[in-house]
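# Remarks on the overall topology
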Amino acid sequence: MKVIQSRSSEETQNMAKGFAKKLSAGSVLALVGDLGAGKTCFVKGLAEGLDIPKEISISSPTYVLIHEYPKGRLPLYHFDFYRLQHEKEVTHLNLEEYFDGKGISVVEWADHFPNLFPKRTQWIRFKWIDETTREIQC
Ligand SMILES: Nc1ncnc2c1ncn2[C@@H]1O[C@H](COP(=O)(O)OP(=O)(O)OP(=O)(O)O)[C@@H](O)[C@H]1O
Ligand SMILES: [Mg+2]
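So, here's what we can say about the structure. Predicted, not measured: the structure shown is a model, and the values here were computed from it. (Residues numbered from 1 in each chain as written. Chains lettered and ligands numbered in written order. Predicted model: local features only at pLDDT ≥ 70, side-chain atom pairs only at ≥ 80, totals over all residues.)

### Topic: the site of ligand 1
What surrounds ligand 1 is a group of 20 residues, the closest being T12, G38, K39, T40 and C41. Those elements that place two or more of their residues in the shell around ligand 1 are α1 (9-21), α2 (39-49) and β7 (133-137). Classifying every residue of the shell around ligand 1 gives 4 nonpolar, 11 polar and 5 charged. (Near = placed C-beta within 6 Å. Helix = DSSP H or I, 4+ residues; strand = E, 2+ residues; numbered from the N terminus. Nonpolar A, V, L, I, M, F, W, Y, C, P; charged D, E, K, R; others polar.)

### Some details on the sheet that holds strand β3 (residues 66-69)
Within the open sheet, the 7 strands sit side by side as β1-β7-β6-β2-β5-β4-β3. Their pairing is mixed. The two strands at the open ends of the sheet, each matched to only one other strand, are β1 (3-6) and β3. Each neighbouring strand pair of the sheet contributes to a mean axis angle of 20°, computed without reference to strand direction. Taken together, the 5 bridges between strand β4 (residues 76-80) and strand β5 (residues 104-108) define a ladder with parallel strand orientation. From the neighbouring strand, D80 faces β5, where its bridge partner is E108. The sheet strands contacting α1 are β1 and β7, and the helix crosses β1 at an angle near 140°. Packing against the sheet, α2 makes contact with β2 (28-32), β3, β4, β5 and β6 (122-130), and its axis sits at approximately 165° to β5. (Pairing = 2+ DSSP bridges. Axes fitted to C-alpha atoms, helices over the stretch in contact; angles between N-to-C directions. Contact = placed C-beta atoms within 7 Å.)

### A short note on unusual backbone geometry
The phi dihedral of N94 falls on the positive side, at around 50°, and the residue is not glycine. Looking at where N94 falls in the secondary structure, it is placed in the loop between β4 and α3 (95-99). In the Ramachandran plot, W109 falls in the positive-phi region, its phi being about 60° despite a non-glycine side chain. Of note, W109 is situated in the loop between β5 and β6.

### As for α2
α2 sits mainly inside the fold: 10 of its 11 residues count as buried. All of the buried residues along α2 are K39, T40, C41, F42, V43, K44, G45, L46, A47 and G49. (Buried ≥ 20, exposed ≤ 12 C-beta atoms within 10 Å, placed from the backbone.)

### Regarding the nonpolar core
A general tendency of soluble globular proteins is for nonpolar side chains to be buried together. Within the largest apolar cluster, 33 residues are counted, with the highest numbers of intra-cluster contacts made by L31, L46, A47, L50, L76, V106 and V107. Looking at which element gives the most residues to this core, the answer is α2, with 5 residues. Filtering out sequence-adjacent residues up to four positions away, V107 remains in contact with A30, L31, F79 and F81. (Core = buried A, V, L, I, M, F, W, Y, C linked by C-beta atoms within 7 Å.)

Quick look at the structure:
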């Protein structure tokens, strides 16, 4: 496990950009951390690393649960479980089809349903240290 201190949102994005280069179809990333800890910031960096065009904006799919970004080196499937309390609320998404699909799956608030994730999942934890500093464990 690596522990990284990020001193700015740009640094978090850059770290994620580098991380994206090592990913391949079927990679699953489970993001954990409080509100404002930097999860979406990390996903923005992933999108950049996957060469998703810059004019496509990345935001937490808090209400729709999933945003799909098909235009990069690999498709990116971005989920957000923030509002959810029961596993049955994601049944209709057919998560396994995404996890085993042609793209990369990344899930914010993954700790709401840790049992839904395959063994190969890479867990990434974000901790708020101060206004501009975050600790990232991966
Ligand atoms: N080192 C840092 N890394 C990441 N974000 C930072 C950092 N320093 C400050 N920030 C700010 O913290 C906020 C992180 O917001 P972000 O939307 O990524 O959080 P989140 O974990 O996705 O929250 P939510 O659970 O509400 O979706 C942004 O406003 C960002 O500019
Ligand atoms: Mg978010």
